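Here's the letter readout for the chains.
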Amino acid sequence: MDIHYRTFRQALAAALLGIVLAGAALAQTTVEVIPLKYRQADQVIPVLQPLLGRDASISNFQNQLVIRATPAELAQVKNVLASLDTPPRRLLITVRQDADVTGTRREAEVSGSIGNDQARVTVPGSGSREGGNVVLRDGDDRLRARVVDSSQAGSERTAQTVQVLEGYSAFIRAGESRPVRNRQVVRTMVNGQMVDRIVETTDYRDATTGFNVRPRLQGDRVTLDIDPQREAFDEQRRGAVNVQRVATTVSGRLGEWISLGGISEERSDDRSGILNSRSIRSSDQRGVQVKVEVLP
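Below: a short report on this structure. (Residues numbered from 1 in each chain as written. Predicted model: local features only at pLDDT ≥ 70, side-chain atom pairs only at ≥ 80, totals over all residues. Heavy atoms only, no water.)

A few points about the nonpolar core
Formed by 19 residues in total, the largest nonpolar core has its most connected members in Ile93, Val95, Val213, Leu224, Leu260 and Val290. Broken down by secondary-structure element, the contributors of at least two residues to this core are strand E4 (90-115), strand E7 (141-165), strand E9 (193-218), strand E10 (221-233), strand E13 (258-272) and strand E14 (276-294). With residues near it in sequence (within four places) discarded, Val213 still touches Ile93, Tyr168, Ser169, Ala170, Leu224, Asp225 and Ile226. Membership of the second largest hydrophobic core comes to 15 residues, among which are Ile45, Leu52, Leu74 and Leu81. (Core = buried A, V, L, I, M, F, W, Y, C linked by side-chain atoms within 4.5 Å. Buried < 20%, exposed > 50% of the residue type's maximum accessible area, 1.4 Å probe, protein only. Helix = DSSP H or I, 4+ residues; strand = E, 2+ residues; numbered from the N terminus. Contact = heavy atoms within 4.5 Å.)

Here is the structure:
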């Protein structure tokens, strides 16, 4: 009975000692409310949080920092906060979107008719009038050779700029709207008979280019949450729009071009027969870059 009683007293004393020590530790922390002058709380809390210990805390109340920490931790937080809670700098952000398209096309074809009264061979042509043509004729015999050798190259450069305060978001868009005609067949009942009518309508399709961006500075480096988009009408397909888009977070130095990504596509089509051949090559290179500069 005495053994159980002594064990109970020891456990009670240990529990009381733990409570006293915890109270002493809590007594060393204080709570302070620090109003922010220039920055938003969600901008500075991620930077200040690592400065606090396990038993400390930091939260936001109406853009004021509510901090529970030891005096030493509070002093360190205030020292760092003095360099963070400063007037935001004005930034000039430039987004450049490039596209380089090249293509080559080579075709060769022989057609015509050759033979005599007993036998004759005729090779029909493709009907195309493109390329250079050479015709050889001897009586009823006629041979035609057609050669197409062409190349094309095109480049598009789009640059957009926007001014924004450090830590805030900016949005810019510019584009074009074109009419697109649609044709559909509508069946209706007229005097007991089914009649088809062709109905034409006109819709408008948009192609826009722009970006959303939010910059954050730390020394001479900038971190960007950016979402650039480039749309362009496809001149080969009526109403079609080519879309180029990149959504990412990147970091780099102020005043330098930062690559956000690119697309490289190569296409080829080779066909050959006994008296004809065709070779088509095309290349499509696209890229997006961004630069951030500090304005005076």
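On we go.
Comments concerning helix H3 (residues 71-84)
With 14 residues, H3 extends 20 Å from end C-alpha to end C-alpha; this agrees with the ideal 20 Å at 1.5 Å per step. What H3 keeps buried is the set Glu73, Leu74, Val77 and Leu81. Within H3, the buried residues cover an arc of 95° as seen down the axis, which keeps them to one side. Facing away from the buried side of H3 by more than 90 degrees, the exposed set consists of Pro71, Ala72, Asn79, Ala82 and Ser83. (Expected span 1.5 Å × (residues − 1). Arc of directions from axis to C-beta.)

A short note on the sheet that holds strand E1 (residues 30-35)
Strand order in the open sheet formed by three strands is E1-E3-E2, and the pairing between neighbours is antiparallel. In the strand order of this sheet, the two ends are held by E1 and strand E2 (57-60), each with one partner. In this sheet, neighbouring strand axes are inclined to one another by 15° on average, regardless of whether the strands run parallel or antiparallel. The sheet contact formed by E2 and strand E3 (residues 64-69) spans four bridges and is antiparallel. Looking at E3, one finds that Asn60 is bridged to Leu65. (Pairing = 2+ DSSP bridges. Axes fitted to C-alpha atoms, helices over the stretch in contact; angles between N-to-C directions.)

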